[in-house]
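Below, each chain spelled out in residue letters.
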Amino acid sequence: MDNRQAIGSWLSGPRAAAEEMGADFGYRGERLGLPQGGPGSVAPLGRRFGALFIDWALCMVIAYGLLARGDQQSAGNWALGVFLVMSFLTVGTVGSTPGKRILGLRVIAEDGGRLGVVRVVVRSVLLLLVIPAIVWDRDSRGLHDRLARAVQVRI
């Protein structure tokens, strides 16, 4: 066997090499007991980013129109607070922010139930820090979801 094939090329990465050698990583959400596709499956990244964009735009409009009194610089700071409150209230009660609801997503606990208050607060605060949200695991869950023991699924 060629060494390049054993360790993977710089283009395909180590996962592709491991798959070629027979390793089975399964589908996203399999380790969590979620279906491979359809309702209840792990939410695709494109929809999650779209929901975040919708939520952030809504928060900016609220912050600019109601709190910052037309000051664009302070609107961004106010929007963070609005985002935190919106995330806490909507995910904590109905399991979805407005953007997630529009795009057919929901945040649930790993066991399939609703998130408790503490886990919603942990998730929301970590989401504001951004870095935990861009560190993903094999199931495409951000660090903020892993620490809150949550998963975003399709409705």
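Residues numbered from 1 in each chain as written. Predicted model: local features only at pLDDT ≥ 70, side-chain atom pairs only at ≥ 80, totals over all residues. Heavy atoms only, no water.

Caption draft 1: Layout of helix 3 (residues 45-67). Helix length check: helix 3 (23 residues) gives 31 Å between terminal C-alpha atoms against 33 Å at 1.5 Å per residue, within 8%. The set of residues buried in helix 3 consists of Arg-48, Ala-51, Asp-55, Cys-59 and Ala-63. Those residues of helix 3 that are buried lie in contact with helix 4 (72-93), helix 5 (98-102), strand 1 (105-109), helix 8 (143-147) and strand 2 (150-154). One or two steps after helix 3, the chain reaches Arg-69, where phi turns positive at roughly 50°. (Helix = DSSP H or I, 4+ residues; strand = E, 2+ residues; numbered from the N terminus. Expected span 1.5 Å × (residues − 1). Buried < 20%, exposed > 50% of the residue type's maximum accessible area, 1.4 Å probe, protein only. Contact = heavy atoms within 4.5 Å.)

Caption draft 2: Geometry of the pattern of salt bridges. This structure, assessed with the given rule, holds 6 salt bridges. Where Glu-110 meets Arg-141, a salt bridge forms, and the shortest distance between an N and an O atom there is 2.7 Å. Highlighted residues: Glu-110 in the loop between strand 1 and helix 6 (117-128) and Arg-141 in the loop between helix 7 (131-134) and helix 8, separated in sequence by 31 residues. What makes Arg-141 buried here is its relative accessible area of 5%. Close ionic contact of Asp-145 with Arg-123 constitutes a salt bridge, the shortest N to O distance being 2.5 Å. Here Arg-123 lies in helix 6 and Asp-145 lies in helix 8, a separation of 22 residues in the sequence. Accessibility assignment for this pair places Asp-145 and Arg-123 in one class, buried. Several salt bridges share partner residues, and in doing so they unite Arg-31, Glu-110, Asp-137, Asp-139, Arg-141 and Arg-146 into one network. (Salt bridge = Lys/Arg side-chain N within 4 Å of Asp/Glu carboxyl O.)

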